[in-house]
Amino acid sequence: MLQNSFYIRINAHRCRGCTKCIRRCPTEAMRGTYGQAGIDIIERLCIGCGECIRECPYKAIELVQDDWETIRAQGNLALLADPTFHVQVGHCNRTGFIISALKRIGFEDMTESISLAFDVSAYAIAKRLASGSKAAPLISSYCPAIVRYIRKHHPELINNIVDVDSPYETAAEYYRMSNPDASMALIAQCPAVSNLINSPVGRDKSNFSHVINIRQVVKGLLASGERIDDLPPEIESGARWLAWAASGGECRHISAFSEKKINTMVVTGMENISTLLHEVELGRLSCIDFIECRACYKGCVGGVSASESRYLSLSRIDSLKIDWNISTEERAKLERLYDEGKWRLSKCIEPLPEQAPLSNDISVAVSRLKELKNLHASLPGFDCGSCGRPSCHAMAEDIVRKHGEITDCIFKLREKITLLSSEMNELCMRKTSPL
């Protein structure tokens, strides 16, 4: 039996209810019930960071995606991948040109569209920074897990998110200019990117109709004996977009288009980002122009669907001979593409409710909120996770929502057993005592 979330699922046959994913989840989206095997995902809380997948020792948490053989059978399908995909194979100090292997089995080469899209995105952000028209600091919109986290937990910072569309979507738009009927698949490195086809940021509909993870594609290509060619020098010199796979790559790309020095900050890992966003809320980072945030440590190369070590991928990126000098011709072309505006979000980014209301009736909701506070106060406050919830507050909320009992807490269960034992002992004493 598969319990489905919108981009990850739990295989109940593999899940042992160990609660490691519960303790790892940064948004308390994973829940279990004490004494019962199995974990559920609260979809409204999940941001798709993939930490649960990384932590699960039983491989019970899986990505919802298409099958590689199904994708490969569709000859008219165009594949667009995150830069991480392109640094998964090769020598330790040299990345391979994996696009050549895909071309040999019938897929289109979208390198030109991808390169243009990332250049235009960096150029647009540089222009935004130069105009100084938005709240400071601007926050990258590239990592969908971070955008979703801000929309749920820090909605007051939504205006800080730079209003530039995902380079994936922009690349798809450029490709469709010459291939209007093309069907496209996205090769993703994490659940958050996978979910872009279902819940795109700042647009009503995604350009992609299929999604598959990096590990599946790389494994499928290597298993079939496909040869991976060396990265051509002309592509390597213009591969500024490949740097986005590593932390700091986006900032480096934006700086290449900026006419003045910009103060940037790079932060990776959900724990660090949570702390950072509180600092932004308090106005302590107004001296920073742009913050590059990535949910995965060291950047997208650390995504849960990557097929190789992030450090090996970083070594390949560091060895690239990228030309960061922008020629006059390139700048003129990017100016034209910038004016076309395909990089713009088609709609504003809206906040997402952090949690569902306790009731649609205000009087009932207030009553339940009071009950929740009283329950929380009565619990031990250890946040031990033994009940299958990440915190005592989460357990109190579940009880109010009728998704649990007070005795799910082992401390409350012990109290009840002690009380029952005392009452039974007293009854026995009464029965055995002489009249």
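Residues numbered from 1 in each chain as written. Predicted model: local features only at pLDDT ≥ 70, side-chain atom pairs only at ≥ 80, totals over all residues. Heavy atoms only, no water.

Peer 1: Just give me the short version of the sheet that holds strand β6 (residues 77–81), but keep the residues and values in it.
Peer 2: Taken in spatial order, the 3 strands line up as β6-β10-β11 in an open sheet, and their pairing is parallel. Looking along the sheet, the strands with just one partner apiece sit at the ends: β6 and β11 (210–213). Going from strand to strand, the sheet's axes swing by 30° on average, the running direction of each strand aside. (Pairing = 2+ DSSP bridges. Helix = DSSP H or I, 4+ residues; strand = E, 2+ residues; numbered from the N terminus. Axes fitted to C-alpha atoms, helices over the stretch in contact; angles between N-to-C directions.)

Peer 1: How would you summarise unusual backbone geometry if you had to cite specific residues and measurements?
Peer 2: Of note, K59 is a non-glycine position whose phi angle comes to about 55°, a positive value. Along the chain, the position of K59 falls in the loop between α2 (51–55) and β5 (61–63). The phi angle at K298 is positive, at roughly 75°, despite the residue not being glycine. The class for K298 is partly exposed, based on a relative accessible area of 27%. (Buried < 20%, exposed > 50% of the residue type's maximum accessible area, 1.4 Å probe, protein only.)

Peer 1: Describe in detail the pairing of β11, supporting the description with residues and values.
Peer 2: Residues of β11 alternate between two faces, with H210 and I212 on one and V211 and N213 on the opposite face, all of them buried. As defined by bridge partners, strand β10 (residues 183–188) adjoins β11 across 4 bridges and the pair is classed as parallel. Counterpart to A188 in the pairing with β11 is N213.

Peer 1: An account of the packing of helix α6 (residues 144–153) against helix α12 (residues 270–281) is requested, with residue identities and associated values reported.
Peer 2: To characterise two packed helices, one gives the angle between the axes of the helices and the distance between these axes. Packing of α6 against α12 leaves a shortest axis separation of 12 Å and a crossing angle of 45°. Put simply, α6 runs oblique to α12. You can see that α6 and α12 cross each other, and the crossing is right-handed. Each of I146, Y149 and I150 in α6 lies in contact with α12, whose residues at this interface are M270, I273, S274 and L277. Class assignment for the residues of the contact of α6 with α12 results in 6 nonpolar, 1 polar and no charged. (Parallel < 35°, antiparallel > 145°, perpendicular 65-115°, else oblique. Left-handed = near helix turned anticlockwise from the far one by under 90°. Contact = heavy atoms within 4.5 Å. Nonpolar A, V, L, I, M, F, W, Y, C, P; charged D, E, K, R; others polar.)

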